[in-house]
Amino acid sequence: MPAIKINVLIVENTKLFREMLTELMQSHHSDTVTCSSGAAAIETTKHRNFNLICIAYHLPDMTGDVLCQQLRSKPQLKNSRIILFTCEDNVELLKGALLAGATDIYNKNDFAQFQTYIERYANLVKSNLVGQALLIEDSPSQLKWLKMHLECTGLDVDTFLTAEAALDAFLENQYDIVITDMVLAGKMSGLNLVRNIRRLPSDKGLTPIFAITAYDEISRRIELFQVGVSDYMAKPLNPEELLFRVSNLIKQRQLYYELANERKVLREMTLLDPLTNLYNRMALNQLLPKAIANAKRDKTAVSLVLMDLDFFKRINDDYGHDQGDQVLIETSNWLRNAFRQGDLVFRWGGEEFVIFLNKCTLAEAKVLMEKQRERFERHRVAGHAITASFGISGFEDFNAETGYGELFKQADKAVYKAKQSGRNCVVCAEG
Ligand SMILES: Nc1nc2c(ncn2[C@@H]2O[C@H](COP(=O)(O)OP(=O)(O)OP(=O)(O)O)[C@@H](O)[C@H]2O)c(=O)[nH]1
């Protein structure tokens, strides 16, 4: 059974477009009602709720934004998605429609875009989640209601009225998400339950926690995030929003596991540096010659950077080896997130890193590395002021015999020059 039934109201007086929309909605098994005027839509929604309303901007008796405003004022349609359709690109008109309460606006001439939107919406609504949820709520009726909605998505749900009992279950079992009210029946509050979970070592402590609260004030929200909840919603809960948010958290969690597993496999293959989790020298020897040969074949420019931290030995000598390690770890985390997909970052050894920049000319690489150099200058790394020197080589001449070995040699010479020139600078190889 799908978690949420899609009820659609289509307000459109052009027969062809009305039929196109109806067909699309029915292909996703939604209940569809059609009207051809604003007045008919107002009448139809007198006592009915729709979670999706599609309105043509030009209706025989009113414009779509006026109808949108009237529908929005009905309490049962407060949270509906209202989509307006127009053929016009008039910015003021579009702005007015959003102000009137439209969720989004689609151009009638780009039906494919709307099809994609509906597919995504339908997939999310009907998504079959696989996982185990721990649900804690002190009101038995609310607990039953929440359990029913969560189970409709495919989740297995264990329920508890108190945090104490829930925590015992949490320690014994493997849950993909914890959904908890903040005010609970026992002595332990929802906040304390979150604190207890976050304190746990290992992956258990990272389980997504979704908080439900009766009080939606800024200070409470900040408090929730501070103790470590992943997301929250204030009562009264809208089941559709709740399920989307819960589904997002579970998918993020699953993605995290997939990445963690991938990393484990790589480490086992001894391609990752154990301290920084960056690719190591062995990975470099496997990946770089191939990447450079591919670039040559595709005639795309690439650049190779050698980055060497300046006076790194002093950190070890003055603050200890652990602090030195922290600097290396934080530097690696920076570098890992600093470049585009397709670029590769390696720990070459000690405090030396190699960065392969795909589809990047020497001039572009210089600008990028200048930014990284400034970043070191501006921000402390693991609490320490440290700078770095960069040597860059690149190839744009695709007929030349230059391969990985030559590029590496040139970058190495350039970084040597950077060190000789006083460090904290970027030097490009002369070719
Ligand atoms: N903490 C820590 N230190 C390391 C690691 N690998 C290498 N080192 C240290 O890194 C230091 C590198 O020192 P040097 O080669 O003199 O380089 P530097 O002090 O950065 O000086 P310049 O490169 O000339 O600016 C040595 O003291 C190594 O022991 C590591 O994994 N962790």
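For the structure, see preceding data.
Notes on the structure in this doc start here.

Quick notes on the rules
- Residues numbered from 1 in each chain as written.
- Predicted model: local features only at pLDDT ≥ 70, side-chain atom pairs only at ≥ 80, totals over all residues.
- Heavy atoms only, no water.
- Pairing = 2+ DSSP bridges.
- Helix = DSSP H or I, 4+ residues; strand = E, 2+ residues; numbered from the N terminus.
- Axes fitted to C-alpha atoms, helices over the stretch in contact; angles between N-to-C directions.
- Contact = heavy atoms within 4.5 Å.
- Buried < 20%, exposed > 50% of the residue type's maximum accessible area, 1.4 Å probe, protein only.
- Arc of directions from axis to C-beta.
- Left-handed = near helix turned anticlockwise from the far one by under 90°.
- Salt bridge = Lys/Arg side-chain N within 4 Å of Asp/Glu carboxyl O.

Next up on the list: the sheet that holds strand β15 (residues 426–428). Strand order in this open sheet of 5 strands is β12-β13-β11-β14-β15, and the pairing throughout is mixed. Each edge of the open sheet carries a strand with a single partner, namely β12 (344–349) and β15. Within this sheet the neighbouring strands show an average axis-to-axis angle of 20°, counted without direction. By the bridge criterion, 8 bridges tie strand β11 (residues 302–309) to strand β14 (residues 388–395) in an arrangement that is antiparallel. Bridge pairing in β14 links Leu-309 to Ala-388. Running at roughly 140° to β12, helix α11 (residues 281–298) makes contact with β11, β12, β13 (352–357) and β14 of the sheet.

Attention now moves to helix α7 (residues 163–172). Those residues of α7 that sit buried are Ala-163, Ala-166, Leu-167, Ala-169 and Phe-170. All buried residues of α7 lie within an arc of 165° about the axis, which places them on one face of the element. In the core, the buried residues of α7 are packed alongside β6 (132–136), β7 (156–160), β8 (177–181) and α8 (190–198).

At a closest axis distance of 12 Å, the pairing of helix α13 (residues 321–338) and helix α14 (residues 362–378) adopts a crossing angle of 145°. α14 is crossed by α13, and the crossing has right-handed handedness. Seen from α13, the contacting residues are Thr-331, Trp-334, Leu-335 and Ala-338; seen from α14, they are Gln-372, Arg-375 and Phe-376.

Let us now look at the pattern of salt bridges. Across all of its chains, the model carries 21 salt bridges by this definition. Note that Glu-151 is salt-bridged to Lys-147, the shortest N-O span being 2.8 Å. Of this pair, Glu-151 and Lys-147 both sit in helix α6 (residues 140–152), 4 residues apart, which is roughly one turn of the helix. In this structure, Glu-241 and Arg-245 form a salt bridge, with 2.9 Å as the shortest nitrogen-oxygen distance. You can see Glu-241 and its partner Arg-245 sitting in helix α10 (residues 239–268), 4 residues apart, about one turn around the helix. Among the residues examined, Arg-245 registers a relative accessible area of 28% and is labelled partly exposed.

The values are spatial; any link to function lies outside them.
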